[in-house]
Amino acid sequence: MGTEVFAGIDVSKDTLEVAIGPQGERMSFAQSDDGWSLMADFIQSFSPGLVVLEATGGLERAAVATLAARSLPVVVVNPRQVRDFAKSKGILAKTDKLDALVIAQFAQAIRPELRPLKTTEAQQLEAILNRRRQIVQMLTAEKNRLHSAPGWTKKDIRLHIAWLEKRLEKIEKELETMIRNSPVWRVKDELLRTFKGVGPVLSQSLLSGLPELGILDRKKIAVLVGVAPMNRDSGKFRGRRMVLGGRAQIRSVLYMATVAAIRSNPVIGAFHERLIKAGKAPKVAITACMRKLLTILNAMMKNQTPWRPLTQNMLDMQHSC
């Protein structure tokens, strides 16, 4: 029986550094159509059990798509995990070639779990959602400036606000069109939005940024998003539970939806009220409500069951699935 092979890829703007472990073979490829194809050929020749890359702000997408098209087992991981792994081995130096080797060693030692990759359509939806978020941030900044701006700049700021509002309206129409034109997304969007408190922004964000929704169990999905409390205990010391890591953009949108659900959804509202009466801090109560909302949506997607208050007990029983 042969030794299992693992590939690590360090991604930069212009190059892909590939390391094969445990053999230690290395090769560099250009970030181009030919480079991606040659890189996939090189890795495929070793029949790896796992190929790991770090998330690098989208620079890894073309390489991941090329590997996935070859049916290679590819995983994109958080760079912090790899850096912490390197430090644990006493590797403090950092170069592209060394990083590729460390990623290959990380793949062999940790063996991160394979997860569904985003489709091209999901990546496009995510890109438009990111642009929407940027426009909202610019609108907020300009509206804040307007209050304290001197008179001779207010006209320009108002014109910019009007232009941004038109762009925001256009992007929101594009998002709605994308959802309507996809039979699969349309069904999922309609299912998610049966829950009172889930609007178009949360639904679109979950469709693009959380393809694992309805696939993982309730504990794993909570950890993935970053709403699961983590222990901080040592010996007799019992530290405060905290939420750490996860997908920040999903968590941010989930927070706003939860605040709305506390006011509008009787189940989430009653749960929040119960926690407050029990003496929980407001932030702790909201985080718990975020986790409950995510758990319910995960169960709805897993069972393809639209939200009805009468089905709450049934969903609660199936949350542990």
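Residues numbered from 1 in each chain as written. Predicted model: local features only at pLDDT ≥ 70, side-chain atom pairs only at ≥ 80, totals over all residues. Heavy atoms only, no water.

Draft legend 1. Molecular detail of the overall build of the protein chain. Counting its secondary structure elements, the protein chain contains 13 helices and nine strands. For the C-alpha atoms alone, the extent of the protein chain along its principal axes is close to 60 × 60 × 45 Å. Sorting the 321 residues of the protein chain into buried and exposed places 41% on the buried side. A separation of at least 24 residues holds for 58% of the contacts in the protein chain among residues at least 6 apart in sequence. A gap of 10 Å separates the mean positions of the 49 positive and 30 negative side-chain charges of the protein chain. (Helix = DSSP H or I, 4+ residues; strand = E, 2+ residues; numbered from the N terminus. Buried < 20%, exposed > 50% of the residue type's maximum accessible area, 1.4 Å probe, protein only. Contact = heavy atoms within 4.5 Å. Lys, Arg positive; Asp, Glu negative; His and termini not counted. Charge placed at Lys NZ, Arg CZ, Asp CG, Glu CD.)

Draft legend 2. Seen up close, the packing of helix 8 (residues 200–209) against helix 10 (residues 248–264). Two elements in contact, helix 8 and helix 10, have axes whose closest approach is 10 Å; the angle formed by their N-to-C orientations is 155°. In terms of orientation, helix 8 lies roughly antiparallel with respect to helix 10. Once helix 8 is placed against helix 10, the crossing between them reads as left-handed. Contact with helix 8, carried on its side by Val-201, Leu-202, Ser-205, Leu-206 and Gly-209, involves Ile-250, Val-253, Leu-254 and Ala-257 of helix 10 and no other residues of that element. Partitioning the contact of helix 8 with helix 10 into residue classes produces seven nonpolar, two polar and no charged. (Axes fitted to C-alpha atoms, helices over the stretch in contact; angles between N-to-C directions. Parallel < 35°, antiparallel > 145°, perpendicular 65-115°, else oblique. Left-handed = near helix turned anticlockwise from the far one by under 90°. Nonpolar A, V, L, I, M, F, W, Y, C, P; charged D, E, K, R; others polar.)

Draft legend 3. Representation of helix 8. Of all 10 residues making up helix 8, eight are buried, and the element is well covered by its neighbours. Check the buried side of helix 8 and you find it contacts helix 5 (120–148), helix 6 (151–181), helix 7 (183–192), helix 10 and helix 12 (282–303).

Draft legend 4. The nonpolar core, seen in detail. With 53 residues, the main nonpolar core has Phe-195 and Leu-297 as its most contacted residues. Elements with a contribution of two residues or more to this core: helix 5, helix 6, helix 7, helix 8, helix 9 (218–225), helix 10, helix 11 (266–277) and helix 12. Sequence-distant contacts of Phe-195, that is, excluding residues within four places in its chain, are made with Asn-265, Ile-268, Leu-293, Ile-296, Leu-297, Met-300 and Trp-307. Of all hydrophobic cores here, the second largest spans 21 residues; its members include Ile-20, Val-51, Val-64 and Leu-67. (Core = buried A, V, L, I, M, F, W, Y, C linked by side-chain atoms within 4.5 Å.)

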